[in-house]
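Coordinate analysis (summary)
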Amino acid sequence: MSLNRDYFNSFCSHIYIEQSVKSNPRTQRILEQFPNAQQIEISHYKDVFCRRGQNYRLQHRGQSLILAEKKGNLVYTGAAACQSFGNAHFYYTSCMMNCVFDCEYCYLKGMYPSANLVIFVNLEDFFAEVEEKLKSHPVYLCVSYDTDLLAFERVLGYGKEWAAFADGHSGLEIEIRTKSAGDIVWDSFFACEGVVLAFTLSPQEVIDAYEHGTPPLRQRLSCVAKAQEAGISTRLCFDPVIYCPDYKLRYGELLDQVFSIVDMERIKDVSVGSFRAPKDYLKKMRKQYPDSAVVQFPYENARGICQYPKELAEEMEEFLVCRLKERMRKEQIFVWNQGD
C-alpha cells in the first residue's frame, strides 16, 4: 500500500509554511490536498524542525508538514554507510526529510531532531545542481534515502518528476528506494532507462516487530512483480539484515517467498547488508527507544559505524548471498562493506 487519503486527512493537522514559498505552485498543490489543516507561516523551516526538547518517538504519532526552500548544497557525495553499486560517481539528495513509516532501526531517528516531515518545494534547484554535475561525469543519484518518496507519491508526485528528469538526461541513473506497495509504484512512467526502483524486503516477523506502518511482505513482493510486468528496472534490498536467533529460518522463508513471486531473471541486482548506523545516531536512538531490542543490541564500533560483530555480520550476509546465488549471478549481488 501507499498511504491512503483517509490517513493523510487524519495525520496532517498542522502545516508550517516558509513565507518565501507560500506562492510556489507546489506549495499550493500540497495545501489544496489538506483543506482542514491549520496553516502557520514561519520564517525558516529550522525554527520548527530544530526546536529544542522535541521527542522524535512521540512526535512521530502526530507528524506535521513543513513546506520550505532548500538552500546551499543540494546534492551530496554518497555516505559511507550506503552502497554505491559499483558507481564511481555516487550521490544522494534529500528533497524530503523524514518518513511516514516508523521503523525502529531507522537512522533518521538519530539524525534529525524532529519527526515532522519537511518538503522542499524548489525541486528545479535540485535538478539544476544535478545538471551541473552531469557536465563533468555520469551521475548515480539516490533520491529516497532520507524518506520514502513513493509512500508520499499521491501527495507530492516527486517520484514521477524525478523519473521525467532522469529520462531526459543521458548519463544519469536515479534510485528510488521504498517499502511502499501501492499501484503508484508500478506506473509505467517509471519504465525508463535512467530509473531503478529499489524495494526493501524483510521477513514478516521483522516487519511486525520493527517496521511499524509499512506494508506486509506479500504486498511488497506483489508490487515488485507488477513493477516488472510494467517494464520497470527493479532492485531488491535485503538491507538492513536484522539479527534474530532463528535468522536462517526467517530469512530462508523470506527468500523462498521472493523466489516464488518475483522473476529473478528480470531483477537488475540485489543489495545485502546487515544493520549499521553512525555511532552518534545510535546514541540518540537508544535514548528515544530504550525498550527496542534492535536499537539496544550490543553493536561493535568500527571506525565510527556501529554494526554487528564482524563474524556474525559476515555469517548472516553469507547465508543470504549463498541462497541468492541459486537464482542470480554473483556479479548481481552487492554486499555492503565499509570500503564500498
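The following refers to the structure shown.

Parameters and conventions
One numbering rule holds for all chains: residues counted from 1, following each sequence as written. With pLDDT at 70 or above as the cut-off, local features in this predicted model cover only qualifying residues; side-chain atom pairs require 80 or more to be listed or tallied, and sums for whole chains, interfaces and linings still use all residues. Note: side-chain values were computed over all heavy atoms of the structure, leaving out hydrogens and water. Where helices and strands are cited, they refer to DSSP runs of H or I of at least four residues and of E of at least two residues respectively, numbered from the N terminus. A 1.4 Å probe rolled over the protein chains alone gives each residue an accessible area, and that area as a share of the maximum for its type sets the label: buried under 20%, exposed over 50%, partly exposed in between. We call two residues in contact when some of their heavy atoms are within 4.5 Å. All accessible-area figures derive from a Shrake-Rupley calculation using a 1.4 Å probe, and residue coverage is judged against the displayed protein chains alone. By this rule, a helix spans an expected 1.5 Å times one less than how many residues it contains. Working note: the arc is built from the helix axis to C-beta atom directions. Any pair of Phe, Tyr and Trp rings, taking the six-membered ring for Trp, is counted once the centres come within 6.5 Å. Such a pair is stacked with planes under 30 degrees apart, edge-to-face with planes over 60 apart, and tilted for the rest. Lysine NZ or arginine CZ positioned within 6 Å of the ring centre and within 35 degrees of the ring normal marks a charge as sitting over the ring. Convention adopted: a line fitted to C-alpha atoms gives each axis, helices being fitted over their contacting stretch, and angles between N-to-C directions are expressed from 0 to 180 degrees. Each angle is binned into one of four classes, with values under 35 degrees roughly parallel, values over 145 roughly antiparallel, values of 65 to 115 roughly perpendicular, and all other values oblique. Rotating anticlockwise by less than a right angle from the far helix to the near helix defines a left-handed crossing, while the corresponding clockwise rotation defines a right-handed one. Throughout this entry, Asp, Glu, Lys and Arg are counted as charged residues, while Ala, Val, Leu, Ile, Met, Phe, Trp, Tyr, Cys and Pro are counted as nonpolar. The remaining residues, Gly among them, count as polar. Pairing between strands requires that DSSP locate at least two bridges from one strand to the other. Pairs of N or O atoms within 3.5 Å make up the polar contacts considered here, provided that, within protein, one atom can donate a hydrogen while the other can accept it, and that residues adjacent in sequence are counted only when both atoms are side-chain atoms.

1. Thoughts on the overall build of the protein
Counting its secondary structure elements, the protein contains 14 helices and 18 strands. With the C-alpha coordinates aligned to their principal axes, the bounding extent of the protein is approximately 55 × 45 × 40 Å. Buried positions account for 58% of the 340 residues belonging to the protein. Put simply, 77% of the contacts in the protein that link residues at least 6 apart link residues at least 24 apart. Counting only carbon and sulfur atoms, one obtains 47% of the accessible surface of the protein, whose full area is about 14500 Å².

2. Some remarks on the environment of Met 328
Within the secondary structure layout, Met 328 lies in the loop between α14 (310-324) and β18 (333-335). In this structure the C-alpha to C-alpha distance between Met 328 and Met 264, which are 64 residues apart in sequence, comes to 7.0 Å. Residues within four places of Met 328 in sequence aside, it is in contact with Met 264, Ile 267, Asp 269 and Val 270.

3. Brief notes about helix α6 (residues 123-134)
Taking 1.5 Å as the rise per residue, α6 with twelve residues should run 16 Å; its terminal C-alpha atoms sit 17 Å apart, in good agreement. Those residues of α6 lying buried are Leu 123, Phe 126, Phe 127, Glu 129, Val 130 and Leu 134. Looking straight down α6, one finds that the buried residues subtend no more than 160° of arc, so they occupy a single side.

4. Describing the packing of aromatic side chains
For any two aromatic rings, the description comes down to two numbers: the centre-to-centre distance and the angle of the planes. The tally for this structure, following the rule as stated, stands at 20 aromatic pairs. Summarising the aromatic geometry, the rings of Tyr 107 and Tyr 281 are spaced 6.5 Å apart at their centres and angled 15° between planes, so their arrangement reads as stacked. With Tyr 107 in the loop between β7 (102-103) and α5 (108-111) and Tyr 281 in helix α12 (residues 279-288), the pair connects residues that are 174 residues apart, well separated along the chain. For Tyr 107, a relative accessible area of 25% gives the class partly exposed. Residue class for Tyr 281 comes out partly exposed when judged on its relative accessible area of 25%. Grouped by ring-pair contacts, the aromatic residues Tyr 243, Tyr 247, Phe 275, Phe 297, Tyr 299, Tyr 308 and Phe 319 constitute a single cluster. Between Arg 235 and the ring centre of Phe 85, over which it is positioned, the NZ or CZ distance is 3.5 Å.

5. Details of the packing of helix α11 (residues 247-261) against α14
Running from N to C, α11 and α14 cross one another at 30°; their axes reach a closest spacing of 11 Å. Looking at the two axes, α11 sits roughly parallel to α14. The hand of the α11/α14 crossing is right-handed. Contacts from Tyr 247, Lys 248, Tyr 251, Gly 252, Leu 255, Asp 256 and Phe 259 in α11 reach Glu 315, Met 316, Phe 319, Leu 320, Arg 323 and Leu 324 in α14.

6. Details of the packing of helix α10 (residues 217-229) against α11
Interhelical geometry of α10 versus α11 gives an angle of 35° and a closest axis separation of 10 Å. Crossing geometry of α10 relative to α11 is assigned as right-handed. Residues Leu 217, Arg 218, Leu 221, Ser 222 and Ala 225 of α10 lie in contact with α11, whose contacting residues are Leu 254, Gln 257, Val 258 and Ile 261. The class makeup of the residues in the contact of α10 with α11 is six nonpolar, two polar and one charged.

7. What about the sheet that holds strand β8 (residues 117-120)?
The five strands lie next to each other as β2-β1-β3-β8-β6, forming an open sheet whose pairing is mixed. The open sheet has two edge strands with one neighbour each: β2 (38-42) and β6 (96-97). As judged from the four bridges shared by strand β3 (residues 65-68) and β8, these two strands associate in the parallel manner. Bridging from a neighbouring strand, Leu 65 pairs with Leu 117 of β8. Relative to β3, helix α2 (residues 25-32) is tilted by about 160°, and along the sheet it contacts β1 (14-18), β2, β3 and β8.

8. Here's the deal with α2
Taken as a whole, α2 has its buried residues at Arg 26, Thr 27, Ile 30 and Leu 31. Down the axis, α2 shows its buried residues gathered within 135° of arc, on one side only. Turned more than 90 degrees away from the buried face of α2 sit Pro 25 and Glu 32, all of them exposed. Backbone nitrogen of Arg 26 and a side-chain oxygen of the N-cap are separated by 2.8 Å at the start of α2; the cap is Asn 24.

9. Considering the sheet that holds strand β5 (residues 90-93)
The strand order β4-β5-β9-β10-β11-β13-β14-β18 describes an open sheet built from eight strands, whose pairing is mixed. For this open sheet the edge positions go to β4 (75-77) and β18, each flanked by a neighbour on one side alone. Strand-to-strand twist in this sheet, taken as the mean axis angle between neighbours without regard to direction, amounts to 25°. Inspection of the sheet shows strand β9 (residues 139-142) paired to strand β10 (residues 172-178) by four bridges, in the parallel sense. The partner of Leu 141 across the bridge, within β10, is Ile 174. Seen against the sheet, α6 touches β4, β5, β9 and β10 and runs at an angle of roughly 45° to β4. Helix α8 (residues 158-167) contacts β5, β9, β10 and β11 (195-200) of the sheet and is inclined by roughly 160° relative to β10.

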